[in-house]
Amino acid sequence: MEWLQSIFNFRIVWQYWQVFAQGAFNTIWISTICLILSLIFGIFIALARRSSNPFIWRPVAGYIQAIRSTPLLIQIYLIYYGLPSILPFGNFLDEAQTGIIALTIHTTPYMGEIIRAGLESVERGQIEGGLSVGMSKKQTMTNVVLPQAVANVVPPLLGQTAILIKDTSLLSIIAVFELMGAGLRMYSETVIATETYVTTAVCYLVIYAMMLVISGVVQRKLGGSAWQKR
């Protein structure tokens, strides 16, 4: 045990457990809000991309390409420094709120494309069946298509959520206190790199493990008996 203590100082890490706990909590709630918002907006993006009206799908396609072709770091800077000059209430947004807006804008196109792929994976016969029993198009989409589409895209949604959680680390550049911010505080006070960044990485791994458990439960619920047979 002494040789391990010589290369990794657990005592110093323990002194900062409250800092990392607060950083992990902030990472989780920021990621959760961004995930919910990007899923909601992503559904509208997916439906717009499936529209036959070019005045609807072309601007949405341009938005998707613009987000995909520019780095998240640049987008965070543009929103952080640009919103106060564009919006009258921009000056009243704190760093966390600005970060949530930036991450939501960045993540929504990816969620939208994932959801669109899920919608297209639902067989046409399912839609025709819903319409044939008297459902409206809205009811068919809500009660037949969307539940199946969500069940089909749980794995890619999990992957995108993991990326979203890791992307929150970039919010430390605008002074948002999350996991990376906790690590930077520990490093600035101790100047010990190994303990700082290994602890930060382990915290991200723990959050990801929690995501896997939640995803498994959700997929079993959505998959029903088909999932149970696997």
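The coordinates are above.
Residues numbered from 1 in each chain as written. Predicted model: local features only at pLDDT ≥ 70, side-chain atom pairs only at ≥ 80, totals over all residues. Heavy atoms only, no water.

Our focus in this paragraph is the environment of Ile 67. Mapped onto the fold, Ile 67 is located in helix α4 (residues 54–68). For the pair Ile 67 and Ile 101, spaced 34 residues apart in sequence, the C-alpha separation works out to 13 Å. Among all residues touching Ile 67, those that are not within four sequence positions of it are Gln 75, Ile 105, His 106, Pro 109 and Tyr 110. (Helix = DSSP H or I, 4+ residues; strand = E, 2+ residues; numbered from the N terminus. Contact = heavy atoms within 4.5 Å.)

Applying the stated rule across the entire model yields 4 aromatic pairs. Note on Tyr 77 and Tyr 81: the rings are 6.1 Å apart at their centroids and 20° apart in plane angle, and the pair reads as stacked. Taken together, the positions of Tyr 77 and Tyr 81, both in helix α5 (residues 72–86) and 4 residues apart, correspond to about one turn of that helix. Chaining the aromatic ring pairs together yields one cluster made of Tyr 77, Tyr 80 and Tyr 81. (Phe/Tyr/Trp six-rings, centres within 6.5 Å; stacked < 30°, edge-to-face > 60°.)

This paragraph deals with helix α6 (residues 95–121). In a regular helix each residue adds 1.5 Å, so 27 residues correspond to 39 Å; α6 covers 39 Å between its end C-alpha atoms and thus fits that length. At Thr 107, α6 is bent by approximately 30°, the largest bend along its length, and proline Pro 109 sits one to four residues beyond. In terms of burial, α6 is largely enclosed, as 19 of its 27 residues are buried. (Expected span 1.5 Å × (residues − 1). Bend = angle between axes of the 7 residues up to and from the residue. Buried < 20%, exposed > 50% of the residue type's maximum accessible area, 1.4 Å probe, protein only.)

Let us look at the packing of helix α3 (residues 17–49) against α4. Two numbers describe how α3 lies on α4: the axes approach to 8 Å, and their chain directions differ by 125°. Put simply, α3 runs oblique to α4. The hand of the α3/α4 crossing is left-handed. Along its contact with α3, which presents Ile 45, Ala 48 and Arg 49, the element α4 presents Ile 56, Trp 57, Val 60, Ala 61, Tyr 63 and Ile 64. Of the residues contributing to the contact of α3 with α4, the split by class is 8 nonpolar, no polar and 1 charged. (Axes fitted to C-alpha atoms, helices over the stretch in contact; angles between N-to-C directions. Parallel < 35°, antiparallel > 145°, perpendicular 65-115°, else oblique. Left-handed = near helix turned anticlockwise from the far one by under 90°. Nonpolar A, V, L, I, M, F, W, Y, C, P; charged D, E, K, R; others polar.)

Taken together, the side chains of Ile 28, Val 198, Val 202, Val 206 and Met 210 define a hydrophobic patch exposed on the protein surface, amounting to about 380 Å² of accessible area. Sort the elements by how many residues they give to the nonpolar patch and helix α11 (residues 193–228) lands first, with 4 residues. According to the relative accessible area criterion, Val 202 is partly exposed, its value standing at 43%. (Patch = residues over 30% accessible without salt bridge, like charges linked within 9 Å, V, L, I, M, F, W, Y side chains within 5 Å. Areas by Shrake-Rupley, 256 points an atom, 1.4 Å probe, with all protein chains shown as cover. Salt bridge = Lys/Arg side-chain N within 4 Å of Asp/Glu carboxyl O.)

This part covers the side chain of Thr 98. Within the fold, Thr 98 resides in helix α6. The exposure class assigned to Thr 98 is buried, which follows from its relative accessible area of 5%. Residues in contact with Thr 98, not counting those within four places in the same chain, are Ile 79, Tyr 80 and Leu 93.

A few words on the pattern of salt bridges. Two side chains carrying opposite charge are able to pair once their charged atoms lie near each other. Per the stated rule, a full pass over the model turns up 3 salt bridges. Between Arg 49 and Glu 113 there is a salt bridge, with the nearest N and O atoms lying 3.7 Å from each other. A residue pair is termed long-range when its members are at least 10 positions apart, and Arg 49 in helix α3 and Glu 113 in helix α6 qualify at 64 residues. Residue Glu 113 is joined to Arg 116 by a salt bridge in which the shortest nitrogen-to-oxygen separation is 3.0 Å. Pair noted here: Glu 113 and Arg 116 are both in helix α6, with a separation of 3 residues, about one helical turn. Bridged by salt links that share partners, the residues Arg 49, Glu 113, Arg 116 and Glu 120 form one connected network.

Take the nonpolar core next. Counting residues in each nonpolar core, the largest one holds 16 residues, and the members touching the most others are Tyr 16, Phe 20, Ile 165, Leu 179, Met 186, Ile 207 and Met 211. Residue contributions to this core peak at 4 residues, all from α11. With residues up to four places along the chain from it excluded, the contact list for Ile 165 reads Thr 27, Ser 31, Tyr 204, Ile 207 and Met 211. Among the nonpolar cores identified, the runner-up in size contains 13 residues, and Cys 34, Ile 79, Ala 102 and Ile 174 belong to it. (Core = buried A, V, L, I, M, F, W, Y, C linked by side-chain atoms within 4.5 Å.)

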